[in-house]
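Listed here are the chains, written in short residue letters.
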Amino acid sequence: MPRRPPAPRFPEGWPPEAKELYGEFARKQLHRLCSAPSQLGLLAHFLHFQAERGFTYREFPTRLLDDFMELQPRRRLRYVSGAIRSWLRFLYRRQELLFPLYEEMIWNPKGLPPKRSRSYLSYSQVRTLLELPDVTTLRGLRDRALLEMAYGSGLRRGELFALDLQHVDLTAGQVHIEESKNSYSRIVPLTHWAMHFLGRYLREVRPLLASPLSGNALWLSTDFGRQLNPVGLGRLLDKLCLRTEPRFHCTPHQLRHAFATHLLQAGAPLVDIQALLGHRSIESTAVYTRLTSHYLSRAHRQSHPRNKDGFWGC
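Anyway, here's the lowdown on the structure attached to this text. (Residues numbered from 1 in each chain as written. Predicted model: local features only at pLDDT ≥ 70, side-chain atom pairs only at ≥ 80, totals over all residues. Heavy atoms only, no water.)

**Brief notes about the side chain of serine 86**
Stated precisely, the cut-off is as follows: Only DSSP runs of H or I reaching four residues or more are called helices, and only runs of E reaching two or more are called strands; each is numbered from the N terminus. What qualifies as a polar contact is a pair of N or O atoms within 3.5 Å, subject to a donor-acceptor requirement within protein and to the restriction that residues adjacent in sequence count only when both atoms come from side chains. A contact between two residues is defined here by any heavy atoms of the two lying within 4.5 Å.
Among the secondary structure elements, serine 86 is positioned in helix 4 (residues 77-93). One polar contact links serine 86 to glutamine 39, side chain to side chain, over a distance of 3.5 Å. Beyond its immediate chain neighbours, meaning those up to four positions away, serine 86 contacts Phe25, Gln29 and Gln39.

**Quick word on the pairing of strand 2 (residues 174-177)**
Residues in a regular strand project their side chains so that they alternate between the two faces of the sheet. For the record, the criterion: Exposed residues in this analysis have more than 50% of their type's maximum accessible area, buried residues have under 20%, and partly exposed residues fall in between, with area computed by a 1.4 Å probe over protein chains only. Paired strands, in this sense, are two strands between which DSSP finds at least two bridges.
Taking every second residue as pointing to the same face, the buried face of strand 2 carries Val175 and Ile177, while none of Gln174 and His176 on the other face is buried. Taken together, the 2 bridges between strand 1 (residues 168-169) and strand 2 define a ladder with antiparallel strand orientation. Of the residues in strand 2, the one forming a bridge with valine 168 is valine 175. In the sheet, strand 2 pairs with strand 3 (residues 186-189) via 4 bridges, with the strands oriented antiparallel. Bridge pairing in strand 3 links histidine 176 to isoleucine 187.

**Some details on the nonpolar core**
Short version of the rule: Buried Ala, Val, Leu, Ile, Met, Phe, Trp, Tyr and Cys residues form a nonpolar core when they are joined through side-chain atoms within 4.5 Å.
Within the largest apolar cluster, 46 residues are counted, with the highest numbers of intra-cluster contacts made by Met149, Leu160, Leu163 and Trp219. Mapped onto this core, the elements with two or more residues apiece are helix 5 (123-130), helix 6 (138-153), helix 7 (157-161), strand 2, helix 8 (192-209), helix 9 (231-241), helix 10 (252-265) and helix 11 (270-277). A total of 7 residues in this core trace back to one element, the largest contributor, which is helix 6. Residues contacting methionine 149, with those up to four places away along its chain left out, are Gly154, Leu155, Leu160, Leu163, Val168, Leu190, Ala194, Leu198, Leu218 and Trp219.

**A few points about unusual backbone geometry**
Of note, the bond from glutamate 245 into proline 246 is cis; its omega dihedral lies within 30 degrees of zero at 0°. In this fold, proline 246 is placed in the loop between helix 9 and helix 10. With a phi close to 60°, glutamine 95 is a non-glycine residue in the positive phi region. One can find glutamine 95 in the loop between helix 4 and helix 5. The phi dihedral of phenylalanine 224 falls on the positive side, at around 60°, and the residue is not glycine. Considering the arrangement of structural elements, one finds phenylalanine 224 in the loop between helix 8 and helix 9.

**Points about the packing of helix 2 (residues 36-52) against helix 4**
Worth spelling out the cut-off: Axis angles are defined between N-to-C directions and span 0 to 180 degrees, where every axis is a line fitted to C-alpha atoms and, for a helix, only to the segment in contact. Any angle from 65 to 115 degrees is called roughly perpendicular, while one under 35 is roughly parallel, one over 145 is roughly antiparallel, and all others are oblique. Each residue is assigned to one class: nonpolar for Ala, Val, Leu, Ile, Met, Phe, Trp, Tyr, Cys and Pro, charged for Asp, Glu, Lys and Arg, and polar for all the others, Gly among them.
The contact between helix 2 and helix 4 brings their axes to 9 Å, and the two run at 80°. Put simply, helix 2 runs roughly perpendicular to helix 4. When helix 2 is examined against helix 4, the residues Gln39, Leu42, Leu43, Phe46 and Leu47 are found in contact with a partner set consisting of Tyr79, Val80, Gly82, Ala83, Ile84, Ser86 and Trp87. Looking at side-chain class alone, the contact of helix 2 with helix 4 contains 9 nonpolar, 3 polar and no charged residues.

**Quick word on the sheet that holds strand 3**
The 3 strands lie next to each other as 1-2-3, forming an open sheet whose pairing is antiparallel. Of all the strands in the sheet, the pair left with one neighbour each is strand 1 and strand 3.

**A few points about the side chain of glutamine 39**
As for its placement among the helices and strands, glutamine 39 is situated in helix 2. Those residues in contact with glutamine 39, other than ones at most four positions away along the chain, are Phe25, Gln29, Leu33, Gly82, Ala83 and Ser86.

**Focus: the packing of aromatic side chains**
Applicable threshold: Any Phe, Tyr or Trp ring, taking Trp's six-membered ring, that has another such ring centre within 6.5 Å forms a pair; planes under 30 degrees apart are called stacked, those over 60 apart edge-to-face, and the others tilted.
Within this structure, the stated rule accounts for 13 aromatic pairs. Both rings, one in tyrosine 22 and one in phenylalanine 25, keep their centres 6.5 Å apart while their planes meet at 50°; by these two values the pair is tilted. Here tyrosine 22 pairs with phenylalanine 25, and both are found in helix 1 (residues 16-32), just 3 residues apart, close to one helical turn. As far as burial versus exposure is concerned, tyrosine 22 and phenylalanine 25 are alike and both buried. A centroid spacing of 5.2 Å and a plane angle of 75° characterise the contact between phenylalanine 46 and phenylalanine 68, whose relative ring orientation is edge-to-face. Of this pair, phenylalanine 46 sits in helix 2 while phenylalanine 68 sits in helix 3 (residues 62-70), placing them 22 residues apart in sequence. In this structure, phenylalanine 46 and phenylalanine 68 share a single accessibility class: buried.

**Structural notes on the pattern of salt bridges**
Selection rule: By salt bridge we mean one thing: a side-chain nitrogen of Lys or Arg within 4 Å of a carboxyl oxygen of Asp or Glu.
For the structure shown, the criterion picks out 10 salt bridges. Residues arginine 94 and glutamate 24 are paired through a salt bridge, measuring 2.5 Å at the closest nitrogen-oxygen approach. Placement of the pair is arginine 94 in the loop between helix 4 and helix 5 and glutamate 24 in helix 1, with a sequence separation of 70 residues. Judged by its relative accessible area of 32%, arginine 94 falls in the partly exposed class. The salt bridge partner of glutamate 148 is arginine 144, with a shortest N-O separation of 2.9 Å. Placement of both glutamate 148 and arginine 144 in helix 6 is noted, with a separation of 4 residues, approximately one turn of the helix. Here the two residues glutamate 148 and arginine 144 agree in accessibility, since each one is buried.

Listed below in structure tokens is the structure:
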């Protein structure tokens, strides 16, 4: 018996402009998220449910969302909610929706553990992580170089693992980012530590891992020299965090967050951090200032001319 073909990701009756929007959304998610295929699959169920109830791709009445969420298994509610929120956020930013409906899409039913909040990583915590890999082994030296570049240059996970050999210039101490989330290239400097361990990796490790399957990929796995899977960074951090004392949690994006936060604390201008992160909007970079209000207040007191003038009260 032939297998039933999979349902299209969006309803067949959608107008061309809706299909074009969805295509743009799907490309962005696939580029920035390792979990994008699963997320798009969950979203597809909702989009077909929406169309079957007679609503267009821009109509999200509360009863529609409630009815759909009631049909979902409890263990999937948070993931389904996240998929729909991403789609609503995309539509709002493309001015397809009048209101930011995604801000109201918060589903955390009783019985589920609370979502782990993203905590701030201090430099001492990051340094602890960086020094955990055993650099006397091939895998450990590769992992140390990988972590040094991730934190030292603030790269997105997708950007980090899309690097080829020609993208790295150790002489100039720079890395050229072509495969960016916003589809435009930029040049990011490397730290001295990243240059040191990356140079060792290229001399001592990569030639031993390389195979006909390697191509020009910078990061290679110990499995037949294939290009390293981006999921591996999250797994590496999980393993390293188990060895920290006291214990703390770290994700790949938290390393990028720490990169920006530590630069800001050291006095780097926000507009320069924006360029290093590859953000098109300064508003995206401003997110990284929420955990550093103390440092911003101090900079304001020390730098604003009206704080320097003598103040005697009223």
